[in-house]
Amino acid sequence: MAIVCNGSIAFDHIMTFRDYFKNHILPDKVHMISVSFLVDSLERRHGGCGANISYNLALLGERPILFGAAGSDFGEYRQWLDGAGVDTSRVLVAEDKLTASAFITTDLADNQIIGFYPGAMERTREMSLSTVTEPIDVLLISPNDPPAMLALAAEAQKKGHRYIFDPGQSLPAFSGDDIVDAARGAWIIVGNDYELELIRSKTGMALHDLLELATIVVCTLGENGACLITEERDINVPAIMPEHFADPTGAGDAYRAGLVVSLLRGVDLETAARVAGLMGTYACEGPGPQEHSFTLDQFAARYRKSWGSPLAAELVLAGTP
């Protein structure tokens, strides 16, 4: 299948704060906030939403097309992604820029404070889907350069491509009209509960109202699982707790990969959500968004252990090249 992943390509600088942010933020002083967190660890990892989703799609046997921009320091990262099974041939490399970088601090409640330097990511607005010669099964539009996201949504609508709108961390840059225009005609709108509440505040559209724009609305809820909404019904699927917890960074990207692969292979929505949830669990067990791995047989065995039933035959994960 031709799965095109548009989204950020970045280096993640992951820091761990062994306390709670709420203990150090004074609610009545947020208008003049000045805080410093002494972190216990710092790791530099491969990241970025587009690259993370692509990595997880490759784990599930796909060869996704990564569609984004990176900088002059992308060489080693490209080798890593190519080795994992990602098609990086459509990545635009801006030699006069550095690859985007995220600076992520996580507290004991898994709350995160993130600073993001876009770097070469801004060059994504120069890209067009016309460079993808394969018939596109689905386009994922995930957090990236905001003007590029809007342009790609418009291009997908014009060309009739099935697409997923996942605005995530880019939401503050969008107006309510931007969100409605980009999401109108999407196959899926996806976000966590905070992001979807932000969409509501900007557009006035609650979760079920978003079905006026898209076929499926997915609200991820962290350790509480996810809610998937269609015209027919709401589906609530609990989370699978990690066997050992390392870092939540990238769990949402892994979830999206599992959901997309499952639905494209024709399984029902609840099963797709279970596969997606297990993907997110695997991501939480790695110390970064691309540090987890498994064989397809291991994934199928863990799915059976987690849900008490075999993986849907339609997925045929163990036989996927």
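So, a few notes on the structure that sits alongside this text. Every chain is numbered independently, its residues counted from 1 as its sequence is written. Local features in a predicted model are, by the rule used here, given only for residues with pLDDT of at least 70; side-chain atom pairs are given and counted only at 80 or more, and totals for whole chains, interfaces and linings are based on all residues. Side-chain calculation: all heavy atoms of the structure are included, whereas hydrogens and water are not.

## With respect to the sheet that holds strand β8 (residues 112–117)
Part 1 of the reasoning: When DSSP finds two or more bridges between a pair of strands, those strands are recorded as paired. In this text, helices come from DSSP runs of H or I with a minimum length of four residues, and strands from runs of E with a minimum of two, each type numbered from the N-terminal end. Taken in spatial order, the four strands of this open sheet run β3-β2-β7-β8, and their pairing is mixed. Sheet topology places β3 (41–47) and β8 at the edges, where each strand pairs with a single neighbour. Geometrically, the sheet is characterised by an average inter-axis angle of 20° between neighbouring strands, direction not taken into account.
Part 2 of the reasoning: Sitting on the sheet, helix α2 (residues 75–84) touches β2 (10–16) and β3, and the angle it makes with β3 is about 65°. Interaxial angle, 0 to 180 degrees, is taken between N-to-C directions of lines fitted to C-alpha atoms, where a helix line uses only the stretch in contact. Residue contacts are counted whenever heavy atoms from the two residues lie within 4.5 Å of one another.

## Here we look at unusual backbone geometry
Part 1 of the reasoning: Even without a glycine there, the phi angle at D110 is positive, about 65°.
Part 2 of the reasoning: As for its position among the elements, D110 is in the loop between β7 (100–106) and β8.
Part 3 of the reasoning: On the basis of relative accessibility, which here comes to 36%, the residue D110 falls in the partly exposed class. Buried means the residue's accessible area, taken with a 1.4 Å probe over protein chains only, is under 20% of the maximum for its type, while exposed means over 50%, and partly exposed covers the values in between.

## Overview of the sheet that holds strand β1 (residues 3–6)
Part 1 of the reasoning: Pairing is mixed in the open sheet, where eight strands are placed in the order β4-β1-β9-β10-β11-β12-β13-β14. Every interior strand has two partners, whereas the edge strands, β4 (65–67) and β14 (234–237), have only one. Taken over all neighbouring pairs, the strand axes of this sheet differ in orientation by 20° on average, direction set aside.
Part 2 of the reasoning: As paired elements, β1 and β4 share three bridges and run parallel to each other. Bridging from a neighbouring strand, N6 pairs with F67 of β4.
Part 3 of the reasoning: Packing of helix α6 (residues 251–264) onto the sheet brings it into contact with β1, β9 (138–141), β10 (163–165), β11 (188–192), β12 (216–220) and β13 (226–229), and relative to β11 it is tilted by some 155°.

## A short note on a nonpolar patch on the surface
Part 1 of the reasoning: Judged by side-chain polarity, L98, F103 and Y117 come together as a nonpolar surface patch covering roughly 300 Å² of accessible area.
Part 2 of the reasoning: Tracing the backbone shows L98 in the loop between β6 (92–94) and β7.
Part 3 of the reasoning: For L98, a relative accessible area of 47% puts it in the partly exposed group. Surface patches are defined over residues having more than 30% relative accessible area and no salt bridge, joining like charges when they lie within 9 Å and nonpolar side chains (Val, Leu, Ile, Met, Phe, Trp, Tyr) when within 5 Å. The method behind every accessible area is Shrake-Rupley, applied with a 1.4 Å probe, and residues are considered shielded solely by the protein chains displayed. Salt bridge criterion: a side-chain nitrogen from Lys or Arg within 4 Å of a carboxyl oxygen from Asp or Glu.

## A short note on helix α3 (residues 146–159)
Part 1 of the reasoning: End to end, α3 covers 20 Å across 14 residues, agreeing with the expected 20 Å (1.5 Å per residue, within 8%).
Part 2 of the reasoning: When we look at burial in α3, the residues that qualify are P146, A148, M149, L152, A153, E155 and A156.
Part 3 of the reasoning: Count one or two residues on from α3 and you reach G160, which has phi positive near 75°. The span expected for a helix works out to 1.5 Å for each residue beyond the first.

## Structural notes on the pattern of salt bridges
Part 1 of the reasoning: By the definition in use, this model includes 16 salt bridges.
Part 2 of the reasoning: With a shortest N-O distance of 2.7 Å, R200 and E197 are connected by a salt bridge. Here R200 pairs with E197, and both are found in helix α5 (residues 193–203), just three residues apart, close to one helical turn.
Part 3 of the reasoning: E285 is the partner of R302 in a salt bridge, and the nearest nitrogen-oxygen pair spans 2.7 Å. Here E285 lies in the loop between α7 (269–284) and α8 (296–307) and R302 lies in helix α8, a separation of 17 residues in the sequence.
Part 4 of the reasoning: Using a relative accessible area of 10% as the deciding quantity, one classes R302 as buried.
Part 5 of the reasoning: Taking the relative accessible area as the measure of exposure, E285 reaches 11% and is therefore buried.

## Focus on the packing of helix α1 (residues 49–59) against α2
Part 1 of the reasoning: One way to put it is that α1 packs onto α2 with a least axis distance of 9 Å and a crossing angle of 30°. On the basis of the axis angle, α1 is roughly parallel to α2. Only Y77, W80, L81 and A84 of α2 make contact with α1, whose side of the interface consists of A51, Y55 and A58.
Part 2 of the reasoning: Nonpolar residues are Ala, Val, Leu, Ile, Met, Phe, Trp, Tyr, Cys and Pro. Charged residues are Asp, Glu, Lys and Arg, and all others, Gly as well, are polar. A per-class count over the contact of α1 with α2 returns seven nonpolar, no polar and no charged. Orientation categories follow fixed angle ranges, with anything under 35 degrees roughly parallel, anything over 145 roughly antiparallel, 65 to 115 roughly perpendicular, and all other angles oblique.

## Notes on the environment of E195
Part 1 of the reasoning: With respect to the element layout, E195 can be found in helix α5.
Part 2 of the reasoning: A C-alpha to C-alpha distance of 19 Å links E195 and A273, two positions 78 residues apart in sequence.

## Notes on the pairing of β11
Part 1 of the reasoning: When you tally the buried positions in β11, you get four out of five residues, the bulk of the element.
Part 2 of the reasoning: In the sheet, β10 pairs with β11 via two bridges, with the strands oriented parallel. By the bridge assignment, F165 is partnered in β11 with I189.
Part 3 of the reasoning: The handedness rule is simple: strands pointing away from the viewer, and a clockwise path from the first strand over the helix to the second, make the crossover right-handed. Handedness of the β10-helix α4 (residues 176–183)-β11 crossover: right-handed.
Part 4 of the reasoning: Relative to β12, β11 runs parallel, the two sharing five bridges. Opposite I189, over in β12, you have V217 as the bridge partner.

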